[in-house]
Amino acid sequence: MTFRARHLLGIDHLSPPEIVTLLDLAEDYVALNRRTVKHADALAGMTQINMFFENSTRTQASFELAGKRLGADVMNMAVAHSSVKKGETLIDTALTLNAMQPDLLVVRHPNSGAVNLLAEKVNCAVINAGDGRHEHPTQALLDALTIRRAKGRLHRLTIAICGDIANSRVARSNLLLLGKMENRLRLIGPSTLMPAGAGEMGVELFENMREGLKGADVVMMLRLQKERMDGGFIPSEREYFHRFGLDAEKLACAAPDAIVMHPGPMNRGVEIDGTIADDINRSVIQDQVEMGVAVRMAALDLLARNLRAERGRAAAGVMV
Amino acid sequence: MTATLFTNARLIDPEAQTDAPGSLLVRDGVIQGIDIDAPEGATVIDCNGRALAPGIIDWGVKIGEPGERHKESFRSAGLAAAAGGVTTIVARPDTLPPIDTPESLEFVTRRAADAPVNIRHMAALTKAREGREMVEIGFLTDAGAVAFTDGVRQVTDTRLLSRCMTYARGLGALIVGHPQDAGLSRGAAATSGKFASIYGIPAVSPMAEVIGLDRDLALVAMTGCRWHADQITTARALPALRRARDAGLDVTAGISIHHLTLNEYDVGDYRTFFRFTPPLRSEDDRLAMVQAVADGLIDVIASFHTPQDEESKRLPFEAAAPGAVGLQTLLPAAMRLYHQGGLSLPQLWRAMSLNPAKRLGLPGGRLSVGAPADLVLFDPDAPFVLDRFTLLSKSKNTPFDGARMEGRVLGTWVAGRRVFGGKP
């Protein structure tokens, strides 16, 4: 098995073989999830804690379901509302949880790098469920699985990522993953939402969406992160939709069999026209949600295997 | 009458810009001369060919008194300074509460007697550093304030700042600015670019420094006051500084040793000991700044010693407090610049000792006859690996923890009295 990571903190640390291993395992879980009896026992007896310092419905539900289907005891901690308000630091919260002996910790935090910091302080496996503007690795992995299933491959594709790149951790993780798999990447968006230094990242930049979409195999839309905007990135939502919202006319510039993706939740009429989002011939948005559960099951499974092996070696007194 | 003769020394004279073997005679705390005979009964210190230089004058040190004595006291800062070859600390006024009245200045002046090295104080420029009303610049000058600054809080009200400058000019007082545009800098913890984008850290364009500097220089041209930029850290700000100099404005500039020895990529995996204000810059900028120090365009190198307790740093990068301790690491970090060939020892001592003395009207920074015997004896080549817990500062937040460094202080003297080191 080619998957050595102890934590899943970002795509940055994964090698292409590790990515492929994870996606291959996720395929098995896609099949399992389509059965009536969806139970496996990869995490039987293990405890998984979902710690979300930022509100989330979809990602948290996906991780919860993934853990439960693999037989783990899953607990959700809504830390956004509790001890943090009482002044407890991130590290103390982590140490408190760590003392409860969880095996898997799923963490989302509004600050970039916060999950890395936390992972240094606990002795269970940590999955980054999104940290600030940094990374959201399981989203990139589920996007990769969705693309691979729709296009039959995950390399030599022209992929356009459109919208609020600067504030998006989804964009960062996707850039890293799709770049590692050798795809041609384009970023489309107003220059206020383009990250500084994007020109040095080996991607093509477009401020004209029609040009950017020309011949694209995959159109990946991003949500306008209103909560991360401290004012004045775009003049209005309607102007944004006019220039960067995906509608039928702009989509016609892409390859005829191009797929449309969106990490959700969508702002219909802001970054994507409702009819495109619902077009079952083009939109794979619902598939992304389905793949999300499978990819998270695969990630939890692989980390649990490494954790067991590590503990086994420690128990046997083997130096590692 | 006591006399001490330092023989067999490598004398670093920043005034003459020389680095040559010789001996130095000190009597009653004052330098008597170079290569002259010692009187009967003088103590002789054999320097074994090690470097003897004027003590460092570290301009811009934060001490936790009043308000944050758990982070640093005058005593602990003084001990760290002595161990680092710093013989004069120029303390910052950004304490809790700030040093903005003659009374609070008198308090810290009294407390400073705890330290074994010289301590001079800067005062705030505006009351409570709020940028609304100017402090009593006259009274504070009489009470010993050597300069006026609101620290890293830029005075955004240009009308108020122009009045402060005009008033200060009348008194001959020096104003220290922090030329970083406040609007662009808001919330930033890194310099914008590929690194900050990939790591998702809120970032500021280096252009904020150009805007801040241009604005302040225009006000200096308007008011004619004496002005010093605390830190100039980007290459793009240098032409404006040079133009101001050429136009005859009374302007000087400094930089922190961290911006001369580290770059933005050193932050690595969100290491909060590398968070600074302004943030670390690109390698191109770092190299340009080393050259600017060599050219004399940047006048002053300082540590910007900023003690932070462990809790202020054990946080996500953007939430962590900025700054690093530096009194004890300034000299070995500066040796990196020496060993890499960028700057000679006399050039370094011009920036770390002579220029601060000249600009602040202090007597040290020289090896000339009549100067106080504030001296540091050090081995520029002695290697060591830094363990942050060996630092004498109460706070241990140094970016050089675990780093291989060269340059060990063997002895420090303040007014001829030994404050650090045993027999060399």
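Conventions adopted
Here the residue numbers are simple positions, counted from 1 along each chain's written sequence. Chain letters start at A and ligand numbers start at 1, both assigned in the order the entries are written. Totals for whole chains, interfaces and linings use every residue, but because this is a predicted model, local features are given only for residues with pLDDT of at least 70 and side-chain atom pairs only at 80 or more, for both listing and counting. By convention in this description, side-chain values take in all heavy atoms of the structure and omit both hydrogens and water. Strands here mean DSSP runs of E at least two residues long; helices mean DSSP runs of H or I at least four residues long; both are numbered from the N terminus. The atom set for the radius of gyration is the C-alpha atoms, and the globule formula is 2.2 Å times the number of residues raised to the power 0.38. Think of it in three bands: residues with accessible area under 20% of the maximum for their type are buried, residues over 50% are exposed, and the middle band is partly exposed, with areas taken using a 1.4 Å probe on protein chains only. For the accessible areas, the method is Shrake-Rupley and the probe is 1.4 Å, while residue cover comes only from the protein chains on display. Charge counting follows a simple rule: Lys and Arg are positive, Asp and Glu are negative, and His as well as the terminal groups are ignored. Where a charge sits is defined by one atom per residue type, namely NZ (Lys), CZ (Arg), CG (Asp) or CD (Glu). The criterion used for residue contact is that any of the two residues' heavy atoms lie within 4.5 Å. The term nonpolar core refers to a set of buried residues drawn from Ala, Val, Leu, Ile, Met, Phe, Trp, Tyr and Cys, joined through side-chain atoms within 4.5 Å. Throughout, the accessible surface (probe 1.4 Å) given up by two parts as they are put together, summed over both, is called the buried area. We define a salt bridge as a contact between a side-chain nitrogen of Lys or Arg and a carboxyl oxygen of Asp or Glu at a distance within 4 Å. Pairs of N or O atoms are called polar contacts if they sit within 3.5 Å, as long as, within protein, a hydrogen donor faces a hydrogen acceptor (for residues adjacent in sequence, only side-chain-to-side-chain pairs). A strand pair is defined by DSSP finding two or more bridges across the two strands. Note on ring pairs: Phe, Tyr and Trp rings are taken, using the six-membered ring of Trp, and paired if centres are within 6.5 Å. Classes follow the plane angle, with under 30 degrees stacked, over 60 edge-to-face and the rest tilted. Counted as over-ring charges are cases with an Arg CZ or a Lys NZ within 6 Å of the ring centre that also lie within 35 degrees of the ring normal. Fitted lines through C-alpha atoms give the axes, limited to the stretch in contact for helices. The angle between two N-to-C directions lies from 0 to 180 degrees. In these notes the angle categories are as follows: under 35 degrees is roughly parallel, over 145 is roughly antiparallel, 65 to 115 is roughly perpendicular, and the rest is oblique. Left-handed describes a crossing whose near helix is turned anticlockwise from the far helix by less than a right angle; the clockwise case is right-handed. Amino acid classes used here: Ala, Val, Leu, Ile, Met, Phe, Trp, Tyr, Cys and Pro are nonpolar; Asp, Glu, Lys and Arg are charged; the rest, including Gly, are polar. Every helix has an expected span of 1.5 Å times one less than the residues it contains. Start and end points for every domain follow an automatic or database-based domain assignment.

Counting secondary structure elements, chain A contains eleven helices and nine strands. Computed over C-alpha atoms, the radius of gyration of chain A comes to 20 Å, within 12% of the 20 Å expected from 2.2 N^0.38 for 320 residues, which places it in the range of a compact globule. Along the longest, intermediate and shortest principal axes, the C-alpha atoms of chain A span 60 × 45 × 40 Å. A burial count over chain A gives 60% of its 320 residues as buried. When the accessible surface of chain A is summed, it comes to about 13,100 Å², and 51% of that surface belongs to carbon and sulfur atoms. Here chain A contributes 38 positive and 38 negative side-chain charges, whose respective centroids are spaced 2 Å apart.

Along chain B, the regular secondary structure elements total 13 helices and 18 strands. The globule rule puts the C-alpha radius of gyration for 424 residues at 22 Å, and the 21 Å found for chain B is close to it. Taken along the three principal axes of its C-alpha coordinates, chain B extends 65 × 50 × 45 Å. The long-range fraction of contacts in chain B, counting pairs at least 24 apart against all pairs at least 6 apart in sequence, stands at 75%. Here chain B displays about 15,500 Å² of accessible surface, and carbon together with sulfur accounts for 50% of that area. Side chains of chain B carry 45 positive and 48 negative charges; the gap between the two charge centres is 2 Å.

Bringing the nonpolar core into the picture now. In globular proteins that are soluble, nonpolar side chains generally tend to be buried together. Ile89(B), Trp227(B), Ile298(B), Ile301(B), Leu348(B) and Trp349(B) are the most contacted members of the largest nonpolar core, which has 104 residues in total. The biggest single contributor to this core is helix α12 (residues 330-339) of chain B, with six residues. If we skip the residues at most four places from it in the chain, Ile298(B) touches Ile232(B), Leu238(B), Leu241(B), Ala253(B), Gly254(B), Ile255(B), Met289(B), Ala292(B) and Val293(B). Residues Val170(A), Leu177(A), Met181(A) and Ile259(A) belong to the second largest nonpolar core, which totals 67 residues.

So, on to the interface of chain A and chain B. Counting residues at the interface gives 19 residues for chain A, matched by 17 residues for chain B. Carbon and sulfur atoms supply 55% of the area that chain A and chain B bury against each other, a total of about 1,500 Å² over both sides. Broken down residue by residue, the surface that chain A buries against chain B is led by Asn111(A), Ser112(A) and Ala196(A), which jointly contribute 25%. Summed over the shared surface of chain A and chain B, the number is zero salt bridges. In this structure, the connection of chain A to chain B is made through seven residue pairs in polar contact (both at pLDDT 80 or more). Within the residue set of the side of chain A that touches chain B, elements represented by two or more residues are α3 (90-99) and α4 (114-119) of chain A.

All names here are of chain B. In strand β10 (residues 174-177), alternate side chains face the same way, and those of Leu174 and Val176 on one face and Ile175 and Gly177 on the other are all buried. One ladder, built from four bridges, connects β10 with strand β13 (residues 226-229); its direction is parallel. If you follow Val176 over to β13, its bridge partner there is His228.

Our focus in this paragraph is the packing of aromatic side chains. Considering all chains together, one arrives at six aromatic pairs over all chains under this definition. When the ring of Phe6(B) is compared with that of Trp413(B), the centres are 4.9 Å apart and the planes differ by 90°; the resulting orientation is edge-to-face. Placement of the pair is Phe6(B) in strand β1 (residues 3-13) and Trp413(B) in strand β17 (residues 404-414), with a sequence separation of 407 residues. The burial state of Phe6(B) is the same as that of Trp413(B); both residues are buried. Ring centres of Tyr199(B) and Tyr270(B) lie 5.3 Å apart, and the angle between their planes is 70°; this geometry places the pair in the edge-to-face category. Within this pair, whereas Tyr199(B) is found in helix α6 (residues 194-199), its partner Tyr270(B) is found in the loop between α9 (257-261) and α10 (283-295), the two being separated by 71 residues in sequence. In this structure an aromatic cluster arises from ring pairing among Phe195(B), Tyr199(B), Tyr265(B) and Tyr270(B). In this structure, Lys250(A) packs its charged tip against the face of Phe241(A), placed 5.8 Å from the ring centre.

We now examine the environment of Ala255(A). Summarising the element assignment, Ala255(A) is placed in the loop between α9 (248-251) and β9 (259-261). A sequence separation of 181 residues divides Ala255(A) from Val74(A), and the C-alpha atoms of the two residues are 43 Å apart.

What follows covers the packing of helix α5 (residues 137-151) of chain A against helix α6 (residues 169-180) of chain A. Residues and elements named next belong to chain A. The interhelical angle for the contact between α5 and α6, taken along N-to-C directions, is 55°, at an axis separation of 8 Å. One way to sum up the angle between α5 and α6 is to call them oblique. Our pair here, α5 against α6, has a crossing hand that is right-handed. For the pair α5 and α6, the contacting residues are Pro137, Gln139, Ala140, Leu141, Asp143, Ala144 and Ile147 in the first and Val170, Ser173, Asn174, Leu177 and Leu178 in the second. Broken down by class, the residue content of the contact of α5 with α6 amounts to eight nonpolar, three polar and one charged.

Moving on: the sheet that holds strand β8 (residues 218-221) of chain A. Residue and element names in this part refer to chain A. Spatial ordering of the open sheet is given by β7-β6-β5-β8-β9, a layout of five strands whose pairing is parallel. A single partner strand is all that each edge strand has here, and the edge strands are β7 (204-206) and β9. Taken pair by pair, the neighbouring strands of this sheet meet at an average axis angle of 20°, ignoring direction. By the bridge criterion, five bridges tie strand β5 (residues 158-162) to strand β6 (residues 184-188) in an arrangement that is parallel. Residue Ala160 lies in a different strand from β6, and its bridge partner there is Arg186. On top of the sheet, α5 reaches β5, β8 and β9; it is set at about 165° to β9, its chief contact.

Attention now goes to the sheet that holds strand β3 (residues 104-109) of chain A. All names here are of chain A. With parallel pairing, the four strands of this open sheet are ordered in space as β2-β1-β3-β4. Of all strands in the sheet, those bounded by a partner on one side alone are β2 (73-77) and β4 (125-131). Across this sheet, the average inter-strand angle for adjacent strands is 15°, counted without regard to direction. With five bridges joining them, strand β1 (residues 47-52) and β2 adopt parallel strand pairing.

Another point: helix α2 (residues 58-69) of chain A. Residues and elements named next belong to chain A. Here α2 is twelve residues long and its end C-alpha atoms lie 16 Å apart, about the 16 Å a rise of 1.5 Å per residue gives. Taken together, the buried positions of α2 are occupied by Thr59, Gln60, Ser62, Phe63, Ala66, Gly67 and Arg69. Gly71, located one to two residues past α2, shows a positive phi value of around 90°.

All names here are of chain B. Along its sequence, chain B is carved into domain 1 (3-51 + 374-390 + 404-420) and domain 2 (55-360). Computed over C-alpha atoms only, the centres of domain 1 and domain 2 are separated by 28 Å. The partner domain 2 presents 27 residues to the 29 residues of domain 1 that form the contact. Taking both sides of the interface into account, the surface hidden between domain 1 and domain 2 amounts to around 2,200 Å²; carbon and sulfur atoms contribute 66%. As a salt-bridge pair, Glu310 and Arg388 come within 3.0 Å of each other at their nearest N and O atoms. Summed over the shared surface of domain 1 and domain 2, the result is seven residue pairs in polar contact (both at pLDDT 80 or more). Breaking the side of domain 1 that touches domain 2 down by element, the ones donating at least two residues are β1, β2 (18-27), β16 (375-385), β17 and β18 (417-420). Looking at which element gives the most residues to the side of domain 1 that touches domain 2, the answer is β17, with eight residues. For the side of domain 1 that touches domain 2, the per-class residue count stands at 14 nonpolar, five polar and ten charged.

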